[in-house]
Amino acid sequence: MSLLDIDKLTIRYAEKPAVDGLSFSVDRGEAVGLVGESGSGKSQTALAILGLLPVDAGVAGSIKVSGTEVIGAGEATLNRIRARRVGIVFQDPMQALNPFVRIGKQLRQVVLRHEIAAGPAADERVVETLARVGLPDPQRQYRAYPHQLSGGMRQRAMLAQALIAEPELLIADEPTTALDVTVQAQILALLEEIRHDTALLLITHDLGVVAGYCERMLVLERGRLVEHGPTRDVFAAPAHDHTQALIDAAPRIDQAPAGQPQPGAEVLDIDSARVVFKVPGEGTLEAVRGVDLTLTAGETVAVVGESGSGKSSLVRAVLGLLPMGGGRVTYCGNVLPADVQERAQSTRRDLQLVFQDPAGSLNPQMRVEDIVAEPLIVHEPRSSLAERRSRVVAMLEHVGLGDEYLHRHPHQLSGGQAQRVAIARALILEPKVLICDEAVAALDGTVRQQILRLLQRVQAETGLAIVFITHDLAVVRTISHRVCVMYLGRLVELAENAALFANARHPYTRALLAAVPVPDPAAPGGRALLSGEIPSAVSPPRGCAFHPRCPHAIDTCRTALPEPRQIGDATVACHRADEPSLQAG
């Protein structure tokens, strides 16, 4: 008997199937990947296993956990299954964890509710579990609220909550989607460790994660199972077109880089940029610390680094959306005022931004036509309604959307469609520089591939210069010409794409590359993980900010700040970057 046995599961909402006739099983000690794009029915399946579907869901078929039927079961039966037999890790711990209750108390409630322990023994069980998932100082984290933890620490706390009752099956629903690549690697390593005691159902759209951690995989498309089998076999010879499309769309760090652009005129020069915030009761936080960077026409420069490295603060200061604490920004030979309101309107139209979350940046009360036309109204007030309509239709067509989208509101769009609208809005003024801040981070693989190809096509046709902010090194490999690596507000490495991926010189850059999952089960594993998390910018370490996490740190690293210097074909801020022994390691 399988630990989990699903037979002909169908989930409907108003006669529309979200899951259609799904059958599969998970055995003890097995890791199974459930793969598909948004809307394929992955999360609906996970909720159904735990009896957590909304009341308006029509459910048919069978779900058995260790022989116990879930569909139609009462609350008493479901509560015996939840936590004790099946635990779940949700994608967003900020929504899954109670913001008003301390982490330790939330885990203690699980222990008490399921009568695992009581009194001091319950507290001991919580602390032991927090330590098991790698949370530093678990006694302190017991007393912390969710908002006081970093994203990686919150996900560890969510994992601890799922594991504290020692379930037979752990469902991990997109557990690493929003995490930095280094934290993602740490969480996946934890999931690998628990495999000795717990079966794993890993739900994701990231084929690199499935390739490295699952023996079997199931591929869903619009609620239907279209392919399943051993992971190596599916990757080697996919039988369904949808599976092949997902594999083809997965970015890889071992792919050839984008072709180098023809030398163009310099359009942007960032000189010694600094961004400083005042933190009440703690002093100042220097988010960007003396960064130098240039951008030429037709070039894409990727800015990468973990959360807290200063990527978004840098580009917002360049756009005049944040005050600069020092340095200057020059656009086409003209030094720009620090405040966007003081800049010439012609300059403001030439520098455009695409945000990570289109749902947050598109006005929910406006229709697509008005959203895309708004920049024309601001910058070209004399243009007629007919002229604006014509240009909006042409721009939407340019980004792959027909005129049937003109009258839709943002909530009537998919994630990929909404991001195309955001890009259309940014491009309709024909800017010289486009800044994309994690613009494809939340998109499915095939949609992400479409957006990246769109940006590359526009760049080839117009000479658009792009600053591409991301934590996804595989995407960087695909789209960038040069790569700027930041750590705690400083530039630590700057090199051309091919040079950086072939021979990264800074230990931090090499750690980022080592953490990227490769969508190939045959790829070698066992990569060293970067330990710890990025330090606080309020009280940064003395000397090189990376030294507390660097395996190559020496006394000089702990006392002296390394300045960027040219080493071969890269600019590197590392005391030891030119040592042959370090490069070999």
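Scroll up a little and you will see the structure.
Report on the accompanying structure. (Residues numbered from 1 in each chain as written. Predicted model: local features only at pLDDT ≥ 70, side-chain atom pairs only at ≥ 80, totals over all residues. Heavy atoms only, no water.)

**Some remarks on the overall build of the protein chain**
In terms of regular secondary structure, the protein chain is built from 23 helices and 22 strands. Compactness check: the protein chain gives a C-alpha radius of gyration of 25 Å against a globular reference of 25 Å for 585 residues, within 12% of the reference. Projected onto its principal axes, the C-alpha coordinates of the protein chain cover approximately 70 × 65 × 50 Å. By residue count, 54% of the 585 residues in the protein chain fall in the buried class. For the protein chain, long-range pairs separated by at least 24 residues make up 67% of all intrachain contacts whose partners lie at least 6 apart in sequence. Across the protein chain, the mean location of the 58 positive side-chain charges is 3 Å away from that of the 67 negative side-chain charges. (Helix = DSSP H or I, 4+ residues; strand = E, 2+ residues; numbered from the N terminus. Rg over C-alpha atoms; globule rule 2.2 N^0.38 Å. Buried < 20%, exposed > 50% of the residue type's maximum accessible area, 1.4 Å probe, protein only. Contact = heavy atoms within 4.5 Å. Lys, Arg positive; Asp, Glu negative; His and termini not counted. Charge placed at Lys NZ, Arg CZ, Asp CG, Glu CD.)

**Details of the environment of Arg-80**
Turning to its location among the elements, Arg-80 is positioned in helix 2 (residues 75-81). What makes Arg-80 exposed here is its relative accessible area of 52%. In sequence terms Arg-80 and Arg-389 are 309 residues apart; their C-alpha atoms lie 59 Å from each other.

**Thoughts on helix 17 (residues 415-427)**
Its 13 residues place the ends of helix 17 18 Å apart at the C-alpha level, agreeing with the 18 Å of an ideal helix rising 1.5 Å per residue. With 11 of 13 residues buried, helix 17 is to be regarded as a mostly interior element. (Expected span 1.5 Å × (residues − 1).)

**Some words on the pattern of salt bridges**
Within the structure shown, the criterion is met by 21 salt bridges. Two residues, Arg-558 and Asp-555, come together in a salt bridge whose shortest N-O distance is 3.3 Å. On the criterion of helical spacing, the pair formed by Arg-558 and Asp-555 is a turn pair, its members being three residues apart in helix 22 (residues 555-559). Note on Arg-558: relative accessible area 37%, which makes it partly exposed. Three or more residues joined by partner-sharing salt bridges are found here, namely Arg-252, Asp-254 and Asp-520. (Salt bridge = Lys/Arg side-chain N within 4 Å of Asp/Glu carboxyl O.)

**Some details on the packing of aromatic side chains**
Taken as a whole and assessed by the stated rule, the structure comprises three aromatic pairs. Their ring planes at 65 degrees and their centres at 4.6 Å tell us that Tyr-487 and Tyr-508 sit as a pair that is edge-to-face. Here Tyr-508 lies in helix 21 (residues 507-515) and Tyr-487 lies in strand 19 (residues 482-487), a separation of 21 residues in the sequence. Residue classification places Tyr-487 among the buried residues on the basis of a relative accessible area of 2%. Ring centres of Tyr-487 and Phe-546 lie 5.2 Å apart, and the angle between their planes is 85 degrees; on these two criteria the pair is classed as edge-to-face. Of the two residues, Tyr-487 is situated in strand 19 and Phe-546 in the loop between helix 21 and helix 22; the sequence distance between them amounts to 59 residues. Phe-546 sits in the buried class, given a relative accessible area of 3%. Ring-pair connections join several aromatic residues into one group, and the members of that group are Tyr-487, Tyr-508 and Phe-546. The cationic tip of Arg-408 hangs over the ring face of Tyr-405; the distance from NZ or CZ to the ring centre is 4.3 Å. (Phe/Tyr/Trp six-rings, centres within 6.5 Å; stacked < 30°, edge-to-face > 60°. Lys NZ or Arg CZ within 6 Å of the ring centre and 35° of its normal.)

**Things to note about the sheet that holds strand 18 (residues 465-470)**
Within a beta sheet, neighbouring strands are joined by backbone hydrogen bonds and run either parallel or antiparallel to one another. Strand order in the open sheet made by the eight strands is 16-17-18-13-19-20-22-21, with mixed pairing throughout. Across the chains shown, the open sheet's two edge strands, defined by having one partner strand only, are strand 16 (351-354) and strand 21 (565-567). Neighbour-to-neighbour, the strand axes of the sheet open up by a mean angle of 20 degrees, direction not taken into account. Of the strands in this sheet, strand 13 (300-304), strand 17 (433-437), strand 18 and strand 19 touch helix 12 (residues 311-318), which is tilted by about 150 degrees from strand 18. (Pairing = 2+ DSSP bridges. Axes fitted to C-alpha atoms, helices over the stretch in contact; angles between N-to-C directions.)

**Observations concerning the nonpolar core**
Of all hydrophobic cores here, the largest spans 50 residues; its most connected members are Leu-130, Leu-159, Leu-170, Leu-191 and Met-217. At seven residues, helix 7 (residues 151-163) tops the list of elements feeding residues into this core. Discounting chain neighbours no more than four positions away, the residues touching Leu-191 are Leu-159, Leu-170, Ala-172, Pro-175, Leu-200 and Leu-202. In terms of nonpolar packing, the next biggest core, distinct from the first, is built from 41 residues, Val-354, Met-366, Ile-428 and Leu-434 among them. (Core = buried A, V, L, I, M, F, W, Y, C linked by side-chain atoms within 4.5 Å.)

**What to know about the packing of helix 4 (residues 103-113) against helix 7**
Between helix 4 and helix 7, the shortest axis-to-axis distance is 9 Å and the interhelical angle comes to 15 degrees. Viewed along their axes, helix 4 and helix 7 adopt a mutual orientation that is roughly parallel. For the pair helix 4 and helix 7, the sense of crossing is right-handed. Note on element contacts: helix 7 touches helix 4 through Ala-157, Ala-160 and Gln-161, opposite Ile-103, Gln-106, Leu-107 and Val-110. For the contact of helix 4 with helix 7, the class distribution of residues is five nonpolar, two polar and no charged. (Parallel < 35°, antiparallel > 145°, perpendicular 65-115°, else oblique. Left-handed = near helix turned anticlockwise from the far one by under 90°. Nonpolar A, V, L, I, M, F, W, Y, C, P; charged D, E, K, R; others polar.)

**Some points on a positive patch on the surface**
Taken together, the side chains of Arg-102, Lys-105, Arg-140 and Arg-143 present a region of like positive charge at the surface. Residue position: Lys-105 is located in helix 4. Take Lys-105: its relative accessible area is 51%, and that puts it in the exposed class. (Patch = residues over 30% accessible without salt bridge, like charges linked within 9 Å, V, L, I, M, F, W, Y side chains within 5 Å. Areas by Shrake-Rupley, 256 points an atom, 1.4 Å probe, with all protein chains shown as cover.)

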